[in-house]
Amino acid sequence: MKLVFVTGVLFSQTLVAQDAKDLYNTATNFMRSGDYSNAVLVLNQALQLDPDNFEYRKQLGFTFYLKGDLIKAKSIIEPLLGRKEADVQVYQIAGNIYQGRDEWKTAQRMYEKALKKFPNSGELYNDNGNLLMNFKMFDGALLSYLRGIENDPGFPGNYYNATKTYSYSNNPIWCILYGETFMNMESFTTRTAEVRNIVLEAYKKLFNDPTLFDSMVPEESGKKSRKGKGENSEFVQAYKQCLGKQLSVVTGGVDPDALVMARTRFILDWYNFYAMKFPYALFDFQRRMLREGMFESYNQWLFGPASSQAGYKSWIALHKQEYDAFQQFQRNNPLKPRPDEYYNDGKFTLINSGY
């Protein structure tokens, strides 16, 4: 009889947990449809069945935030920050709530605490950078984005914001590198179109100002080595060395055709002299496109829409089969930035604040 009783209790707890989970799923569907009032109602029912469930309570706080009730949202989310289950998402929600309430300093302290707990979270570095950007602390914001790239190279948001920030400086190189990386990670959004324009303009700025290619380094091969203190700036100088040789290719203007030629020669040069010392996933990706015979299609996709929509559509119409093959290849073989390929020295001079 005792065994039956215990089994009965366990069975009852399972039913309660399942009922709560079903309610949570129902609430999630309400949230997706924008029906936040019903989502709140159902989440409260789920919490009556499972009052200590961290995920349900976090979702309830987030729903109140989406509903615009920041006071209620804060009262639910803030206690969760001290729980051992506190994850990246709950810190992100808290940051949004604090900023929505203009509690900027509280948000900043919270991000500092969150990043100590999750030092490899690209999302938190990105959110922290956006907060600092609101303060017009451009150097601090950029540093946060760069740390996000260094510690979580697979998260695209930091590449996007770093590209935008660099576009207001006299440093087009990192616009080009981070912008192209971002476009490959987030290929078909409005942000992609925005960055496409930035990258094309960065190439124009670079090729129109030969002084940006100053301080070239001698051509020499080198064995792969662990990054030292000066290696970040050496990477940039090596990049200038290889790309600076292509100035003669773009004398007729910077357009997709000229960039195909310049970038092809750049890749060949890079792998002759610097690839061993400075491994870089983006350049490996470009070389693979070259080897697969898709580099022209890839460059048309990168720069065509920003250079000339009519020219881009015309090119696709004439090269439909190869362009379709490129897009299929791109979907099946995405660029994946690798850890320990961070070469940015973080130097930044704002010359035109567009924020």
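The structure reproduced in this document is the subject of the present report. (Residues numbered from 1 in each chain as written. Predicted model: local features only at pLDDT ≥ 70, side-chain atom pairs only at ≥ 80, totals over all residues. Heavy atoms only, no water.)

Quick notes on the side chain of S187
Line of reasoning, step 1. By the secondary structure assignment, S187 is in the loop between α10 (172–185) and α11 (190–208).
Line of reasoning, step 2. Its relative accessible area of 14% is what places S187 among the buried residues.
Line of reasoning, step 3. Here the side chain of S187 touches M183 through a polar contact of 3.0 Å, landing on its backbone oxygen.
Line of reasoning, step 4. A polar contact of 3.4 Å, which involves the side chain of S187, links it to the backbone oxygen of N184. (Helix = DSSP H or I, 4+ residues; strand = E, 2+ residues; numbered from the N terminus. Buried < 20%, exposed > 50% of the residue type's maximum accessible area, 1.4 Å probe, protein only. Polar contact = N/O pair within 3.5 Å; in protein donor to acceptor, adjacent residues only side chain to side chain.)

Quick word on the packing of helix α9 (residues 157–166) against α11
Line of reasoning, step 1. Relative orientation of the contacting elements α9 and α11 amounts to 40°, with a least axis distance of 10 Å. Regarding the angle of α9 to α11, the classification is oblique. Our pair here, α9 against α11, has a crossing hand that is left-handed. On α11, the residues that touch G157, Y160, T163 and K164 of α9 are R191, E194, V195 and I198. (Axes fitted to C-alpha atoms, helices over the stretch in contact; angles between N-to-C directions. Parallel < 35°, antiparallel > 145°, perpendicular 65-115°, else oblique. Left-handed = near helix turned anticlockwise from the far one by under 90°. Contact = heavy atoms within 4.5 Å.)

Notes on the layout of surface pockets
Line of reasoning, step 1. Considering only enclosed or pocket space, the largest pocket measures out at about 260 Å³ in volume.
Line of reasoning, step 2. Together, 13 residues line the largest pocket, and N171, I173, V236, Q237 and K240 are the ones closest to its centre.
Line of reasoning, step 3. Listing elements by their share of the lining of the largest pocket, those giving two or more residues are α10 and α12 (231–244).
Line of reasoning, step 4. The greatest single-element share of the lining of the largest pocket, amounting to four residues, is contributed by α12.
Line of reasoning, step 5. When its residues are assigned to classes, the lining of the largest pocket shows six nonpolar, four polar and three charged.
Line of reasoning, step 6. One number sums up the size of the second largest pocket: a volume of about 220 Å³.
Line of reasoning, step 7. Around the second largest pocket, the lining residues are Q108, Y111, E112, L115, K116, Y125, N128, L132, G140, L143, S144 and R147.
Line of reasoning, step 8. When contributions to the lining of the second largest pocket are tallied by element, the ones reaching two or more residues are α6 (104–117), α7 (122–134) and α8 (138–151).
Line of reasoning, step 9. At five residues, α6 tops the list of elements feeding residues into the lining of the second largest pocket.
Line of reasoning, step 10. Broken down by class, the residue content of the lining of the second largest pocket amounts to five nonpolar, four polar and three charged. (1 Å grid on protein atoms, 1.4 Å probe; cavity = no way out; pocket = protein on both sides within 12 Å on 5 of 7 lines; lining within 4 Å. Points joined across faces, edges and corners; volume = space filled by probe spheres on them. Nonpolar A, V, L, I, M, F, W, Y, C, P; charged D, E, K, R; others polar.)

Some thoughts on the packing of aromatic side chains
Line of reasoning, step 1. Applying the stated criterion to the full structure yields 36 aromatic pairs.
Line of reasoning, step 2. Seen in terms of ring centroids, Y91 and F118 are 6.2 Å apart; in terms of plane orientation they differ by 70°. Their pairing is edge-to-face. One end of the pair, Y91, is in helix α5 (residues 88–100); the other, F118, is in the loop between α6 and α7, with 27 residues separating them in the sequence.
Line of reasoning, step 3. Both rings, one in F266 and one in F283, keep their centres 5.1 Å apart while their planes meet at 70°; by these two values the pair is edge-to-face. With F266 in helix α13 (residues 256–273) and F283 in helix α14 (residues 281–291), this pair connects stretches of sequence that are 17 residues apart. Summarising the burial analysis for this pair, F266 and F283 share the class buried.
Line of reasoning, step 4. The aromatic ring of W301 is capped on one face by R196, whose charged end is 5.4 Å from the ring centroid. (Phe/Tyr/Trp six-rings, centres within 6.5 Å; stacked < 30°, edge-to-face > 60°. Lys NZ or Arg CZ within 6 Å of the ring centre and 35° of its normal.)

Focus on the pattern of salt bridges
Line of reasoning, step 1. Per the stated rule, a full pass over the model turns up 14 salt bridges.
Line of reasoning, step 2. Its salt-bridge partner being E194, residue K164 comes within 3.6 Å of it at the nearest N-O pair. Within this pair, whereas K164 is found in helix α9, its partner E194 is found in helix α11, the two being separated by 30 residues in sequence.
Line of reasoning, step 3. Taking relative accessible area as the criterion, K164 reaches 19% and is therefore assigned buried.
Line of reasoning, step 4. The exposure class assigned to E194 is partly exposed, which follows from its relative accessible area of 31%.
Line of reasoning, step 5. Across the pair K245 and D269 runs a salt bridge whose closest N-O atoms are separated by 2.9 Å. Of this pair, K245 sits in the loop between α12 and α13 while D269 sits in helix α13, placing them 24 residues apart in sequence.
Line of reasoning, step 6. Linked through salt bridges whose partners overlap, the residues forming this network are E55, K58 and D87. (Salt bridge = Lys/Arg side-chain N within 4 Å of Asp/Glu carboxyl O.)

Brief notes about the environment of T349
Line of reasoning, step 1. Following the sequence through the fold, T349 ends up in the segment after α17 (320–332).
Line of reasoning, step 2. A residue is classified by how much of its surface remains accessible, and T349, at 56% relative accessible area, is exposed.
Line of reasoning, step 3. In the structure, T349 is positioned 181 residues away from Y168 in sequence and 8.5 Å away in space, judged by C-alpha atoms.

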